[in-house]
Amino acid sequence: MLIRKRRGWEIPERLATPEDVYLNRREILRSMGVVGAGLGAFVSGFSWPSTALGQGVPGEPRAVRFPDWPAADQYPAERNPLFGEEEAGRPVTAADITLAYNNFYEFRVDKRNVWKLVERFETRPWELEVTGLVQNPQVFDVDDLIRSMPLEDRVYRLRCVEAWSAIIPWTGFPLKALIERVQPTSRARYVALTTLMRPRQMVGMQEQRHYPWPYHEALTIPEAMNDLAMLVTGAYGKPLPKQMGAPIRLIVPWKFGFKNIKSLVKIEFTEEQPKTLWNTANPREYGFWANINPEVPHPRWSQASERLVDTGERVPTQIFNGYGAYVADLYQGLEKELGDKLYR
Ligand code: MTE
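Fair warning: this is a prediction, and the values are worked out from it, not measured in the lab.

A. Structural context of empty space enclosed by the protein. Within the structure shown, the criterion is met by 3 cavities of 30 Å³ or more. Size it by volume and the largest cavity reaches roughly 390 Å³. Put simply, the parts of the chain that give the lining of the largest cavity at least two residues each are strand 3 (152-159) and strand 4 (164-174). Ranked by residues supplied to the lining of the largest cavity, first place goes to strand 4 with 4 residues. The residue inventory of the lining of the largest cavity, partitioned by class, reads 17 nonpolar, 6 polar and 4 charged.

This is how it looks when you write it as structure tokens:
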């Protein structure tokens with residue numbers, strides 16, 4: 001997804017499909033006294049011993065830190081049995097890995113450093129405005145919202161357009177539950193979602209001035225009302241870490257990661273199809289729909305398989321990321337009209 005202005009929104013393939021070792025794995029290995037010559041060969045078959053988890057490197061801040069917010073007593077929530085680890089098809093990816101390998105361009109394009117740069121990002125107090133074509137527009141204090149919603153835990157697959165993937169246990173509530181509270185009017189057809197814009201704390205915004213900030217994304221109302229669409233406020237049974245989009249983000253697991261917008265401040269109901277950041281920045285490569293389909297390649301790389309961020313293993317990508325039973329209906333009839341656009 002990295003976009004360099006000079007190169008006309010082009011990125012090298014090697015950045016789209018990163019090498020098999022992520023985050024500070026090397027640093028953790030060093031702390032275990034096992035790093036040295038032949039690391040590449042060693043780590044290719046390496047699995048994470050639980051004793052290494054969360055240790056980080058002496059003298060450095062740890063990536064695995066969960067904030068202790070006012071509504072922290074709401075976690076862990078009860079696991080929804082429809083979305084357990086077994087249903088996800090693979091074991092949950094260790095928090096060491098997913099908390100130290102993040103796409104959050106407001107902080108840094110380099111995924112391995114986001115967790116350090118979010119340190120000064122203040123996520124309380126935090127308001128979420130829900131507005132537009134609704135009968136009950138409201139501004140929620142995020143902790144009041146968390147306390148008033150039916151929190152549940154779900155293990156979902158996350159598949160980035162860059163062809164890496166992870167299995168993450170999220171905590172949150174169905175987006176549908178919020179929509180029912182604000183009551184969209186009959187004119188509403190889309191939901192536009194917007195991330196906070198605070199360049200003073202989000203240093204990547206200063207570095208990446210050519211993006212049309214703030215980060216913005218959108219769904220149709222039927223997509224937003226789908227059972228899978230969640231507003232997420234926690235992960236790994238704890239309040240959501242900043243690098244994962246604290247205090248509240250969207251998770252729509254059948255769509256590429258870039259639709260899963262972080263650190264939301266506004267949700268607006270509209271009649272017209274809203275613009276989205278990636279589509280505006282690079283319409284040739286990123287569309288509105290972004291449904292996962294192994295048969296529709298990105299213009300510069302295949303989407304047929306994905307690389308698991310923990311083991312580096314390549315596995316086949318599934319249509320709708322394996323969630324077709326929940327979402328395929330949403331697109332019936334549209335395929336004829338939109339074709340591959342549904343999957344870009
Ligand atoms: N949301 C915002 N505001 N800014 C971003 O840069 N990156 C997206 C998405 N949401 C992004 C964002 C992309 S490309 C991906 S793959 C996921 O967040 C990554 O989520 P994670 O870091 O929690 O794994």
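B. How the structure looks around the site of the ligand. Neighbouring residues of the ligand: 18 residues in total, closest Tyr105, Glu106, Arg249, Asn260 and Lys262. Glu106 places a side-chain nitrogen or oxygen 2.8 Å from a nitrogen atom of the ligand. Within the contact set of the ligand, a nitrogen atom lies 2.9 Å away from a backbone nitrogen or oxygen of Asn260. The protein chains hide 99% of the 530 Å² of surface that the ligand would expose on its own. Put simply, the ligand lies in the largest cavity. Residues belonging to the shell around the ligand are distributed by class as follows: 10 nonpolar, 5 polar and 3 charged.

C. Quick look at the packing of aromatic side chains. With the rule as written, the count across this model stands at 19 aromatic pairs. Measuring from ring centre to ring centre gives 5.2 Å for Tyr101 and Trp164, while their planes differ by 80 degrees; the resulting arrangement is edge-to-face. One end of the pair, Tyr101, is in the loop between helix 5 (95-98) and helix 6 (114-117); the other, Trp164, is in strand 4, and 63 residues separate them in sequence. Using a relative accessible area of 7% as the deciding quantity, one classes Trp164 as buried. One aromatic cluster is present, formed by Tyr105, Tyr211, Trp213, Phe258, Trp278 and Tyr286 through successive ring pairs. Taking the ring centre of Tyr323 as reference, the NZ or CZ of Arg157 above it sits at 4.4 Å. Stacked on the ring of Phe288, the Lys or Arg Lys259 has its end atom at 4.5 Å from the ring centre.

D. How the structure looks around the sheet that holds strand 5 (residues 190-195). Reading across the sheet, the 5 strands line up as 2-1-10-5-6 and stay open at both edges, with mixed pairing between neighbours. Each edge of the open sheet carries a strand with a single partner, namely strand 2 (138-141) and strand 6 (216-220). Taking the axes of each pair of neighbouring strands and ignoring which way they run, one obtains an average angle of 15 degrees across the sheet. Alignment of strand 1 (residues 127-132) against strand 10 (residues 264-270), held across 4 bridges, turns out to be parallel. Considered in strand 10, the bridge of Glu129 is made with Lys266.

Analysis parameters
- Residues numbered from 1 in each chain as written.
- Predicted model: local features only at pLDDT ≥ 70, side-chain atom pairs only at ≥ 80, totals over all residues.
- Heavy atoms only, no water.
- 1 Å grid on protein atoms, 1.4 Å probe; cavity = no way out; pocket = protein on both sides within 12 Å on 5 of 7 lines; lining within 4 Å.
- Points joined across faces, edges and corners; volume = space filled by probe spheres on them.
- Helix = DSSP H or I, 4+ residues; strand = E, 2+ residues; numbered from the N terminus.
- Nonpolar A, V, L, I, M, F, W, Y, C, P; charged D, E, K, R; others polar.
- Near = heavy atom within 4 Å.
- Polar contact = N/O pair within 3.5 Å; in protein donor to acceptor, adjacent residues only side chain to side chain.
- Areas by Shrake-Rupley, 256 points an atom, 1.4 Å probe, with all protein chains shown as cover.
- Sits in = over half its atoms within 2 Å of the grid points.
- Phe/Tyr/Trp six-rings, centres within 6.5 Å; stacked < 30°, edge-to-face > 60°.
- Buried < 20%, exposed > 50% of the residue type's maximum accessible area, 1.4 Å probe, protein only.
- Lys NZ or Arg CZ within 6 Å of the ring centre and 35° of its normal.
- Pairing = 2+ DSSP bridges.
- Axes fitted to C-alpha atoms, helices over the stretch in contact; angles between N-to-C directions.

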